[in-house]
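Each chain is listed here by its residues.
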Amino acid sequence: MSIKVSDFILQRLREWDVEHVFAYPGDGINGLLAAWGRADDKPRFVQSRHEEMSAFQAVGYAKFSGRVGVCAATSGPGAIHLLNGLYDAKLDHVPVVAIVGQTDRSAMGGSYQQEIDLLSLYKDVASDFCEMVTVPEQLPNVIDRAVRTAHAKRTVTALIVPADVQELDYSPPPHAFKMVPSSLGSPSYAPVPAAADLARAATVLNEGEKVAVLIGQGARNARPEIEALADVLAAGVAKALLGKDVLPDDLPYVTGSIGLLGTRPSYEMMRDCDTLLVVGSSFPYTQFLPEFGRARAVQIDIDPFMVGLRYPFEVNLVGDAAETLKALLPQLKRKKHGSWRKKIEKDTARWWKVMEGRAEVDADPVNPEYVVHALDALLPDDVMLSADSGSAANWYARHLRMRGTMRGSLSGTLATMGPGVPYAIGAKFAHPDRPAVAIVGDGAMQMNGMAELITAAKYCRDWQDPRLVVAVLNNQDLNQVTWEMRAMSGAPQFLPSQALPDVPYADFARSVGLGGVRVEEPGGVESAWKQALAADRPFVIDFRTDPAVAPIPPHADLDQVEATAAAILKGDSDRGGMVRQGLKAKIREILPGRGHARHGDEGA
């Protein structure tokens with residue numbers, strides 16, 4: 001019995017153990033849709049509300065499962081809509097395969113409806129592998145290479161399948177000239193650097209007295225080795241944002257995030273160290289690494305094209321993080337846990353107290369830092385966290401402490417708006433037995449998060465654990481850009497571009513069968529979190545937060561920050577009043593014409 005090309009595509013995906021395809025229908029993939037009907041919806045077609053969300057869901061699935069994510073869309077506009085999510089995957093080194101339709105071959109070149117030069121359009125985002133299927137005999141090779149390349153290179157690949165090709169009878173490549181047969185499987189490998197390179201790296205690390213370690217998502221499989229190395233070298237460990245879940249934050253030497261959204265202990269450790277080891281990270285902000293010439297540096301990365309970037313490394317090791325560290329550890333000399341390590345631990349403990357103080361500062365109506373800080377102690381140990389780009393990412397980076405088997409991610413390199421909710425949905429398909437929490441700004445929620453609540457409502461009864469909590473930081477402001485304008489351009493808030501309408505997010509959630517509550521005063525924050533985390537369905541919390549609470553730059557004076565927080569907490573003391581008035585005056589400089597400062601301005 002003959003099968004169609006479309007049938008074979010789904011069959012081959014099943015043979016690659018693909019269980020979900022995040023997609024949106026259209027006539028450019030009608031052949032595939034018909035095949036899905038014949039295949040009893042295997043792999044499962046997960047319908048988003050927009051193709052960009054399908055791509056984001058595939059990215060979230062891949063990030064939280066460690067497997068290849070697959071998305072699909074129709075020709076023309078559908079294929080175009082996928083691009084932002086695909087670039088998010090490419091820049092964060094996430095394996096995703098895109099399958100897109102195209103107009104019939106007979107119409108190509110005729111300026112036909114929805115005809116787009118997809119090979120040209122996709123040649124950058126899917127630069128490692130992008131092919132158009134024009135005859136059945138190209139299969140299964142192009143499918144196998146797309147999946148294998150995405151997995152091996154942790155990148156985006158694409159298949160373009162014209163609508164008429166989808167309907168052709170499938171015939172495999174024969175044992176003949178110019179035919180390319182193929183096979184399944186993407187074998188794992190764990191490369192280790194040459195012995196001479198390992199010895200050079202060990203020499204650098206052994207000769208250092210103040211060792212700092214920076215880890216990224218590429219160190220995720222090396223948690224025991226990182227912990228052992230930090231112990232042997234008496235080092236502190238900072239985390240790039242995509243590596244936030246690599247090590248738990250209850251380890252006293254883990255200084256937290258680094259960079260613009262980072263912590264003061266991470267900043268100071270990088271400033272003062274004499275030796276730097278970077279494992280599995282391409283952290284881009286050189287100004288948050290040691291001054292050139294101050295520290296000797298070693299890098300470990302599995303990708304030979306990513307070593308040597310960002311800093312003048314003395315030794316570059318190309319290899320799997322865990323296996324490389326296993327080979328390196330026996331060559332390292334144990335250092336005493338002296339003043340360097342003790343200072344790191346003391347500074348880190350102090351930082352968390354400062355964050356607690358920041359969360360307790362009064363705001364109008366609710367301090368966003370308190371919203372996220374209150375969640376920290378309530379998080380299940382197996383929760384999957386996502387955060388959207390914007391000020392929400394600041395509070396995610398600084399107030400949530402990873403522990404247990406928690407996982408977390410956001411759009412690290414592209415820093416695009418909108419992936420918070422679809423990431424969480426993708427994570428739920430990766431692990432339907434685990435709870436998920438998405439922390440998003442109202443700008444991102446209005447951009448696309450609200451529509452994806454419909455997707456959550458559509459599928460939540462299929463998840464063993466139905467909990468998916470969406471926390472909306474509703475400050476009626478595109479807050480991150482507002483603060484960037486003030487800090488970088490010296491400009492006040494430009495309301496026509498920054499002001500957002502107040503939307504009843506919780507009401508909308510309830511209208512589609514989900515749970516929801518609006519919180520307008522600090523006393524309701526903790527109970528709302530508890531209610532959402534105990535719900536039997538996805539749940540939206542609409543937190544009315546103060547846009548005047550600003551992130552702390554990691555290079556701000558810590559003593560001043562701590563004193564300011566303490567003084568404000570005292571409220572009626574003379575010092576507290578003086579600090580309060582001084583901060584109000586500063587806010588008036590930044591925001592002329594506001595009349596009076598709001599309580600949240602003390603956080604600025």
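Let me sum up the structure you'll find in this document. (Residues numbered from 1 in each chain as written. Predicted model: local features only at pLDDT ≥ 70, side-chain atom pairs only at ≥ 80, totals over all residues. Heavy atoms only, no water.)

1. Examining the environment of aspartate 303
Next up, step 1: Relative to the helices and strands, aspartate 303 resides in the loop between strand 11 (296-301) and strand 12 (315-318).
Next up, step 2: Residues aspartate 303 and arginine 154, 149 residues apart in the sequence, show an inter-C-alpha distance of 9.8 Å.
Next up, step 3: There is a polar contact of 2.9 Å between the side chain of aspartate 303 and the backbone nitrogen of phenylalanine 305. (Helix = DSSP H or I, 4+ residues; strand = E, 2+ residues; numbered from the N terminus. Polar contact = N/O pair within 3.5 Å; in protein donor to acceptor, adjacent residues only side chain to side chain.)

2. Overview of the nonpolar core
Next up, step 1: Within the largest apolar cluster, 56 residues are counted, with the highest numbers of intra-cluster contacts made by Leu82, Leu86, Val96, Tyr122, Met445 and Val470.
Next up, step 2: The element contributing the most residues to this core is helix 3 (residues 51-65), with eight residues.
Next up, step 3: In contact with leucine 82, other than residues within four places in its own chain, are Glu51, Ser54, Ala55, Cys71, Ala72, Ala73, Ala98, Val100 and Tyr122.
Next up, step 4: In this structure, Val383, Ala387, Val469 and Ala471 belong to the second largest nonpolar core, which totals 38 residues. (Core = buried A, V, L, I, M, F, W, Y, C linked by side-chain atoms within 4.5 Å. Buried < 20%, exposed > 50% of the residue type's maximum accessible area, 1.4 Å probe, protein only. Contact = heavy atoms within 4.5 Å.)

3. Structural notes on the packing of helix 9 (residues 223-233) against helix 11 (residues 321-328)
Next up, step 1: Contact geometry of helix 9 with helix 11 gives a least axis separation of 9 Å together with a crossing angle of 35°. Helix-helix and strand crossings are classified by hand; for helix 9 and helix 11 the assignment is left-handed. Taken together, the residues of helix 11 that come into contact with helix 9 (itself represented by Glu225, Ile226 and Leu229) are Ala322, Leu325 and Lys326. (Axes fitted to C-alpha atoms, helices over the stretch in contact; angles between N-to-C directions. Left-handed = near helix turned anticlockwise from the far one by under 90°.)

4. Focus: the side chain of threonine 455
Next up, step 1: Positionally, threonine 455 belongs in helix 16 (residues 442-459).
Next up, step 2: If we skip the residues at most four places from it in the chain, threonine 455 touches Gln47, Ser48, Arg49, Gln57 and Ile425.

5. Some words on the environment of lysine 4
Next up, step 1: Locating lysine 4 in the fold gives a position in the segment before helix 1 (5-15).
Next up, step 2: C-alpha separation for the pair lysine 4 and glutamate 167, spaced 163 residues apart in sequence, amounts to 5.7 Å.
Next up, step 3: In this structure lysine 4 touches Arg38, Gln166, Glu167, Leu168, Asp169 and Tyr170, once residues within four positions along its chain are discounted.

These figures capture arrangement, not role.
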